Amino acid sequence: MADPHPQPLGDDTGDDLAVRLTLLNAALATKVVCVRRYTRHALRANGPHHQAVKAAFGQHAREEQDHALRLAERIQQLGGRPDFNLGGLMPRGDTHDDEGRTLVELLRENLEAERLAIATYRDLIPYFAEHDPTTQRLLEELLTEEEAHASALHALLEP
Ligand SMILES: [Fe+2]
């Protein structure tokens, strides 16, 4: 009898699953870096004039954490192991010394990271659309939130 709800795993080769898990783990690592960066930057945005920026960084940190959990859960559902070792991402995304940097510099760095994430999701979605519609929908939801993050940062840079 035909399964009315075929699992993505059932139709795919092991090679394709390995590719998907690698792509999703790369997305997860990027999210973890984002959580750490936004949290650090929220702490840097002190003072009465910086409350809007602090609030945005804090909110984005929480939402990136939610994205990380959802990606990790999807990796788990696919039979993979969520990888929290950040490997090569650490030097680029996580070792900045934020002392002495202006809020505008921090906003620009986060906006650049959001734009990169948006471009990455836009690249990934067509691949998953062919191979794994459940993950495709997850990535589309995350993309929508990343676009909102970018808009919020852009508005703070150019009020
Ligand atoms: Fe984001």
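Note that the structure is a prediction, hence the values are computed from the model and not measured.

A. Broad picture of the overall build of the chain. Within the chain, the secondary structure is distributed over six helices and zero strands. Counting from the amino terminus, the chain carries its helices and strands in the arrangement α-α-α-α-α-α. The buried share among the 159 residues of the chain stands at 40%. Look at the contacts in the chain between residues 6 or more apart in sequence, and 80% of them connect residues 24 or more apart. Put simply, the chain shows about 9,000 Å² of open surface, and 55% of that area lies on carbon and sulfur atoms.

B. Fine view of the coordination of the iron ion. Protein coordination at the iron ion: the donors are E64 (OE), E114 (OE), E114 (OE), E146 (OE) and H149 (ND1), at 1.9 to 2.3 Å from the metal. Here the donor residues for the iron ion map to a single chain with the spacing E-x49-E-x31-E-x2-H. Here E114 is found in helix α5 (residues 103-131), whereas its partner E146 is found in helix α6 (residues 133-157), with 32 residues between them in sequence.

C. Summary view of the packing of aromatic side chains. Applying the stated criterion to the full structure yields two aromatic pairs. A centroid spacing of 5.8 Å and a plane angle of 45 degrees characterise the contact between Y38 and F57, whose relative ring orientation is tilted. Pair noted here: Y38 is in helix α2 (residues 14-44) and F57 is in helix α3 (residues 51-77), with a separation of 19 residues, a long-range link. A relative accessible area of 0% places F57 in the buried class.

D. Focus on the nonpolar core. With 36 residues, the main nonpolar core has L24, F57, L71, Y121 and L139 as its most contacted residues. The set of elements that each furnish at least two residues to this core consists of α2, α3, α5 and α6. If sequence neighbours within four positions are ignored, F57 has contacts with Y38, H41, A42, L106, L107, N110 and L153.

E. The arrangement of the packing of α3 against α5 in detail. It is the contact of α3 with α5, at a shortest axis distance of 12 Å, that shows an interaxial angle of 30 degrees. Considering their axes alone, α3 and α5 lie roughly parallel with respect to each other. Viewed along their axes, α3 and α5 form a crossing whose handedness is left-handed. Counting all contacts with α3, which are made through V53, F57, H60, E64 and L71, the residues of α5 involved are L103, L106, L107, N110, E114 and Y121. When grouped by side-chain class, the residues that make up the contact of α3 with α5 number seven nonpolar, two polar and two charged.

Rules and cut-offs
- Residues numbered from 1 in each chain as written.
- Predicted model: local features only at pLDDT ≥ 70, side-chain atom pairs only at ≥ 80, totals over all residues.
- Heavy atoms only, no water.
- Helix = DSSP H or I, 4+ residues; strand = E, 2+ residues; numbered from the N terminus.
- Buried < 20%, exposed > 50% of the residue type's maximum accessible area, 1.4 Å probe, protein only.
- Contact = heavy atoms within 4.5 Å.
- Areas by Shrake-Rupley, 256 points an atom, 1.4 Å probe, with all protein chains shown as cover.
- Donors = N, O, S within 2.8 Å, 3.2 Å for Na, K, Ca; no water.
- Phe/Tyr/Trp six-rings, centres within 6.5 Å; stacked < 30°, edge-to-face > 60°.
- Core = buried A, V, L, I, M, F, W, Y, C linked by side-chain atoms within 4.5 Å.
- Axes fitted to C-alpha atoms, helices over the stretch in contact; angles between N-to-C directions.
- Parallel < 35°, antiparallel > 145°, perpendicular 65-115°, else oblique.
- Left-handed = near helix turned anticlockwise from the far one by under 90°.
- Nonpolar A, V, L, I, M, F, W, Y, C, P; charged D, E, K, R; others polar.

The analysis is restricted to geometry; functional conclusions fall outside its scope.
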